[in-house]
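Below are the chains, spelled out letter by letter.
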Amino acid sequence: MTTAPPDADLLGPGAVENPYPLLAALREHDPVHWSERYRSWFLTRYDDVDAALRDPRFSSDRIAPYRRARLERDDADPAVRAAFGVLEDWMVFKDPPDHTRLRKLLSRAFTPRAVERVRPRVAELVEELLSEIAPRGHADLVGDFAYPLTASVVAELLGVPRADRDVFKDWSDAIAGLVFGGMGDPQRHSAGAAGMAELTAYLTELVARHEREPADDLLTALIQARDAGDTLTHDEVVSTGVLLLFAGHETTTNLIGNGLLALLRHPGVPATADGLVEEVLRYDGPAKTIARLMATDVEVRGRTLRRGDRVFLCPSAANRDPAVFDDPDRFDPGRATGRQLGFGVGLHYCLGAPLARLEGSVAIPAAVRRLQGMALADEPLRWHPVLLSRGLVRLPVTFRSL
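Under an unreviewed UniProt entry, the name given to the protein chain is Cytochrome P450, and the organism recorded is Pseudonocardia benzenivorans.

Written as structure tokens, this is what we have:
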């Protein structure tokens, strides 16, 4: 094990492609690491990450303080200010009681029983996409498969016309720079603001259409909850729609892409293994870090995290902690499951986890089964250079055309 660098850079050379050696060095030698580069703490041991995710002193309310400190000035870009105003209404950036109220309104749509009802439609969409891909002999399994599948599923749940699926792809990609921390990109705020403005305008019109013509979908359910006096404002309906369109495909696209890559790199592992999705979440899940803001001073392993400090909790490091997982760098769907932190834990446990698990469990084995002889194409893999998420830009493969 190498010694942890004095100022670790998860966006540095090699770390975007493979962050795990750097995370392991931090976990071993500096598990409560202060990064001067990012002006943030990084927590990497399982016990610390698990405890922090359950601790309300590690606040999710990090957008409003940023907006007040940086965007209320007269010289602030009004488009960026407006974009962060939408983010501020997202449930994932709220603490109780606002978080509790919003989560309650959404939770009924994402129970395991409710999600199971969409399994036939997920399987149908998977087969449609694979039938388009199979004759080619080559494909990008992110752009041709994982993204259109997950985007179609969430679009149909919300009541977004499937024909508009690709319209919001560029907007979502731009918003990712705001949400996932592409700190090396000086244009991420302006580009994200433009994407947010277009997606918000699209959702505003869609909400108005659903108000005139209610349908059996999640967007109508949100509107009706508002009308029933459940204190969901018009802006919250729009913001929640933006959140669901964005988060509803982004994480699951990366889960499917990372899972297929893991199988391609471990050809002896069966794609039908019962623990496959859980092991992908543990071994190379879509959540690299989770950002929190300290609501008060907290001491962790002898170091004081001050009120107002930003903290990155690292599930990607915690999920390979040898104190919790045997041989943690080995990809093994047969290992005991149930302890990985890929979807978080506590109040902010991922609401869409049942849907993501369903889509992954259907899509990954189906792709391996239909695209026979699948292998990585002869081109370098590129990963999104962001702090919070872990996902491929493309997953180019070849296979026997049918």
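Applying the stated criterion to the full structure yields 4 cavities of 30 Å³ or more. In this model, the largest cavity occupies a volume close to 910 Å³. Together, 42 residues line the largest cavity, and Val 92, Ala 247, Thr 251, His 348 and Cys 350 are the ones closest to its centre. Taken together, the elements giving at least two residues each to the lining of the largest cavity come down to helix H5 (98–107), helix H8 (142–158), helix H12 (234–265), strand E5 (290–294) and helix H15 (353–370).

So, on to the side chain of Asp 89. Inspection of the secondary structure assignment puts Asp 89 in the loop between helix H4 (78–88) and H5. No salt bridge is formed by the buried Asp 89, whose closest oppositely charged neighbour, Lys 94, lies at an N-O distance of 4.0 Å.

Okay, the packing of aromatic side chains next. Applying the stated criterion to the full structure yields 9 aromatic pairs. Residues Trp 90 and Phe 246 carry aromatic rings whose centres are separated by 5.9 Å and whose planes lie at 35 degrees to one another, so their mutual orientation is tilted. In this pair, Trp 90 sits in the loop between H4 and H5 while Phe 246 sits in helix H12, placing the two residues 156 residues apart along the sequence. Judged by its relative accessible area of 1%, Trp 90 falls in the buried class. Ring geometry for Trp 171 and Tyr 202: centres 5.8 Å apart, planes at 55 degrees, overall tilted. Note that Trp 171 is positioned in helix H9 (residues 167–179) and Tyr 202 in helix H10 (residues 188–212), a separation of 31 residues in sequence. Three or more aromatic residues link up through ring pairs in this structure, and these residues are Tyr 38, Phe 42 and Phe 312. Looking at Arg 282, its charged tip hangs above the ring of Phe 325, at a distance of 5.4 Å from the centre.

With that settled, consider the packing of H8 against H12. Packing of H8 against H12 leaves a shortest axis separation of 8 Å and a crossing angle of 145 degrees. Regarding H8 and H12, the two cross each other, and that crossing is right-handed. Between H8, through Val 142, Phe 145, Ala 146, Tyr 147, Leu 149, Thr 150, Ala 151, Val 154 and Leu 158, and H12, the contact on the second element is made entirely by Gly 241, Leu 244, Leu 245, Gly 248, His 249, Thr 252, Thr 253, Ile 256 and Leu 260. Across the contact of H8 with H12, the residue classes tally to 12 nonpolar, 6 polar and no charged.

Here we take up unusual backbone geometry. Along the chain, Pro 96 connects to Pro 97 via a cis peptide bond; the corresponding omega equals 5 degrees. Mapped onto the secondary structure, Pro 97 falls in the loop between H4 and H5. Unusually for a residue other than glycine, Arg 39 sits at a positive phi of about 50 degrees. Within the secondary structure layout, Arg 39 lies in the loop between strand E1 (32–35) and strand E2 (40–43).

Attention now goes to the pattern of salt bridges. Tallied over the entire structure, the rule returns 26 salt bridges. One salt bridge connects Arg 54 with Asp 50, and the closest N-O pair in it is separated by 3.2 Å. Taken together, the residues span about one helical turn, with Arg 54 and Asp 50 both in helix H2 (residues 46–54) at a distance of 4 residues. Taking relative accessible area as the criterion, Asp 50 reaches 17% and is therefore assigned buried. Counted as one network, the salt bridges with shared partners bring together Arg 121, Glu 124, Glu 128 and Glu 156.

Right, let's talk about the sheet that holds strand E3 (residues 58–59) for a bit. Reading across from one edge, E1-E2-E8-E5-E3 is the order of the 5 strands in this open sheet, with mixed pairing throughout. Both outer strands of the open sheet, E1 and E3, are each paired with one neighbouring strand and no more. As judged from the 4 bridges shared by E2 and strand E8 (residues 310–313), these two strands associate in the parallel manner. Along E8, the bridge assignment pairs Ser 40 with Arg 310.

So, on to the side chain of His 99. Within the secondary structure, His 99 sits in helix H5. Residue His 99 is classed as buried on the basis of its relative accessible area, which comes to 2%. Only 3.4 Å separates the side chain of His 99 from the side chain of His 348, close enough to count as a polar contact. Apart from the residues lying within four places of it in its own chain, the contact partners of His 99 are Met 91, Lys 94, Leu 347 and His 348.

Calculation notes
- Residues numbered from 1 in each chain as written.
- Predicted model: local features only at pLDDT ≥ 70, side-chain atom pairs only at ≥ 80, totals over all residues.
- Heavy atoms only, no water.
- 1 Å grid on protein atoms, 1.4 Å probe; cavity = no way out; pocket = protein on both sides within 12 Å on 5 of 7 lines; lining within 4 Å.
- Points joined across faces, edges and corners; volume = space filled by probe spheres on them.
- Helix = DSSP H or I, 4+ residues; strand = E, 2+ residues; numbered from the N terminus.
- Buried < 20%, exposed > 50% of the residue type's maximum accessible area, 1.4 Å probe, protein only.
- Lys, Arg positive; Asp, Glu negative; His and termini not counted.
- Salt bridge = Lys/Arg side-chain N within 4 Å of Asp/Glu carboxyl O.
- Phe/Tyr/Trp six-rings, centres within 6.5 Å; stacked < 30°, edge-to-face > 60°.
- Lys NZ or Arg CZ within 6 Å of the ring centre and 35° of its normal.
- Axes fitted to C-alpha atoms, helices over the stretch in contact; angles between N-to-C directions.
- Left-handed = near helix turned anticlockwise from the far one by under 90°.
- Contact = heavy atoms within 4.5 Å.
- Nonpolar A, V, L, I, M, F, W, Y, C, P; charged D, E, K, R; others polar.
- Pairing = 2+ DSSP bridges.
- Polar contact = N/O pair within 3.5 Å; in protein donor to acceptor, adjacent residues only side chain to side chain.

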